[in-house]
Amino acid sequence: MRELKIQYKKILTDYIENQSERNLYIGQSFIRQLIQKNIAPEEVIHMHKQVMEEIFPELPAVSKDGYDFLIEIMVYFGLTLKEHQILLEQQEEMRIEMNVAAKIQSVLLKTTVPQIDAIDIGMISIPIRKMNGDYVHFSIDEQNYVGVAVTDVVGKGVPAALCMSMVKYGLDTLEYAETNPAYVLEVLNRIIEKSVDDSMFVSMFYGRLDLVRSIFTYGSAGHEPAIYYNAADNAFYGLGAKGLLLGIMPEMKYEQTEIPLYEGDFIIMMTDGVTEFRHDEEIDSRKIIERLALTHRHLSAQEMCEKLYEELQELQEDGLDDDFTVVILKK
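Thresholds, definitions, all that
- Residues numbered from 1 in each chain as written.
- Predicted model: local features only at pLDDT ≥ 70, side-chain atom pairs only at ≥ 80, totals over all residues.
- Heavy atoms only, no water.
- Phe/Tyr/Trp six-rings, centres within 6.5 Å; stacked < 30°, edge-to-face > 60°.
- Helix = DSSP H or I, 4+ residues; strand = E, 2+ residues; numbered from the N terminus.
- Buried < 20%, exposed > 50% of the residue type's maximum accessible area, 1.4 Å probe, protein only.
- Contact = heavy atoms within 4.5 Å.
- Polar contact = N/O pair within 3.5 Å; in protein donor to acceptor, adjacent residues only side chain to side chain.

Asker: Explain the packing of aromatic side chains to me, using residue names and the numbers behind them.
Answerer: Scanning the entire structure with this criterion turns up seven aromatic pairs. Taken together, a centroid distance of 6.1 Å and an interplanar angle of 65° make the contact between F236 and F266 edge-to-face. Highlighted residues: F236 in strand β7 (residues 235–239) and F266 in strand β9 (residues 266–270), separated in sequence by 30 residues. Summarising the burial analysis for this pair, F236 and F266 share the class buried. Here Y309 and F324 contribute two aromatic rings whose centre-to-centre distance is 5.1 Å and whose plane-to-plane angle is 70°, an arrangement assigned as edge-to-face. Separated by 15 residues along the polypeptide, Y309 in helix α9 (residues 301–315) and F324 in strand β10 (residues 324–330) bring together distant segments of the chain. Like Y309, the residue F324 is buried in the burial classification. One aromatic cluster is present, formed by F205, F216 and Y218 through successive ring pairs.

Asker: For helix α8 (residues 285–295), give the residues involved together with the corresponding values.
Answerer: Of the positions making up α8, those classed as buried are S285, R286, I288, I289, E290, L292 and A293. Here the buried face of α8 lies against β6 (226–230), β7, β9, α7 (272–275) and α9. With a side-chain oxygen positioned 3.1 Å from the backbone nitrogen of R286, the residue opening α8 is D284.

Structural data, given as structure tokens:
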């Protein structure tokens, strides 16, 4: 620091005597050196005060007090600036991570809605951020079965995207279009329990429709219950099933239930971002969804999904709070 002080004294003396652009440029170059050496702003001001006292021994006491005040202020400034720089670095790291996660999702986790004659299928999935925390996966055997998994991953960035990839891999490696939902959930539960960090949570509603017998079999791992509309009764029923979130207990057993589907019946599968659109506890959001679905039951499954999104979004004063995913199977 002594050598730096000597250099600075020479630079400041030359500037005071000449006040030229060249002297100013030399001073600026010297400051860049100090930055490279990680010299704090308050240390620069302290050095300037000492040099001024040496150049002008008669410097008034009030000026010295002013320098002391500035040094104290710059200590706080330096700390605040460092915190700000750390925050910017963290934000940039998060931005890069989210871009990677979004690419993983767009390449590996793209969902295509199947088109088959025996059942009308619609889907809409709208993320509130760059990466969607919801994931829908279909499996088709056009002669026998169609399977659908609606998943909600509570997590962020690359870890969440990789978790979704594991779910997809697990579903792909199972011949799950012909496999009972309870078994599918048990296998996925073991995969996720071994592979995912404890801070992440995965819920899933899994259903399998027997296209020949028109029987829908379903199970749930801590997921939002589906809604079933029975056209003959003109009534709605909740399709809830007991089961913990995936990955919590390795030997967890899941239950499954089956219901028949007749002409005009439909099933609404969704994530909790759909039902949590109102924070007023006196308002039953599922009843509102049922009312809207009943109003639009004459439409195709895809049109029903889009109408639900449009009208539920209008009811949410501040916009969506969570990712919005709806899948409808309509007989």
